[in-house]
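As a plain string of letters, each chain reads:
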Amino acid sequence: VQLQASGGGLVQAGGSLRLSCAASGRTFGSYVMGWFRQAPGKEREFVGGISWSGGSTLYADSVKGRFTVSRDNAKNTVYLEMNNLKPEDTAVYYCAARREYNIATMGRGVLYAYWGQGTQVTVSS
């Protein structure tokens, strides 16, 4: 599966953005989707993930209550709705896909086989 992330940009603190990740292929619904981010000089970190059907989600503590992951399998797209953005949310955001659903390991980036190219999110104070 090929992934294309979009929707990044510059926003003031407290603002909102919605990222999209479009996937190619006819089997999008069989992939668990994750969002990760990497800030300059920092390691990549898990942001949120969603199960095949969208019935289960998981979030990093740092974004819980502010970010929402959703998916539309008919459109082969996963979304990351980001509200109340903070300067520390500034990073390149990546979407990723994996076959296996295991909530215990959803945050482990090494288990995702497919990655999008990333989209920059910059939050100004």
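Residues numbered from 1 in each chain as written. Predicted model: local features only at pLDDT ≥ 70, side-chain atom pairs only at ≥ 80, totals over all residues. Heavy atoms only, no water.

Undergrad: Would you explain the sheet that holds strand β7 (residues 67-72) in this entry?
TA: Note: strands within a sheet are paired through backbone hydrogen bonds, in either parallel or antiparallel orientation. Taken together, 4 strands build an open sheet; the order of strands is β1-β3-β8-β7 and the sheet is antiparallel. Only two strands of the sheet have a single neighbouring strand rather than two, namely β1 (3-6) and β7. With direction set aside, neighbouring strand axes in the sheet form an average angle of 15°. With 4 bridges joining them, β1 and strand β3 (residues 17-23) adopt antiparallel strand pairing. Within the sheet, the bridge partner assigned to A5 lies in β3 and is C21. (Pairing = 2+ DSSP bridges. Helix = DSSP H or I, 4+ residues; strand = E, 2+ residues; numbered from the N terminus. Axes fitted to C-alpha atoms, helices over the stretch in contact; angles between N-to-C directions.)

Undergrad: Sorry if this is basic, but what is going on with unusual backbone geometry here?
TA: Excluding glycine, residues mostly have negative phi values, and the peptide bonds linking residues are mostly trans. Even without being a glycine, N76 presents a positive backbone phi close to 55°. Structurally, N76 is set in the loop between β7 and β8 (77-82). By relative accessible area, N76 is classed as buried at 17%. A positive phi angle, close to 50°, is found at N84, a residue other than glycine. (Buried < 20%, exposed > 50% of the residue type's maximum accessible area, 1.4 Å probe, protein only.)

Undergrad: So what exactly am I meant to see when it comes to the side chain of R71 here?
TA: Looking at where R71 falls in the secondary structure, it is placed in strand β7. Here R71 occupies a buried position and makes no salt bridge, while the nearest side chain of opposite charge, D72, is found at 8.3 Å. At 2.7 Å, the side chain of R71 forms a polar contact with the backbone oxygen of S51. Engagement of the side chain of R71 in a polar contact is seen with the side chain of N73, the distance being 2.7 Å. (Lys, Arg positive; Asp, Glu negative; His and termini not counted. Salt bridge = Lys/Arg side-chain N within 4 Å of Asp/Glu carboxyl O. Polar contact = N/O pair within 3.5 Å; in protein donor to acceptor, adjacent residues only side chain to side chain.)

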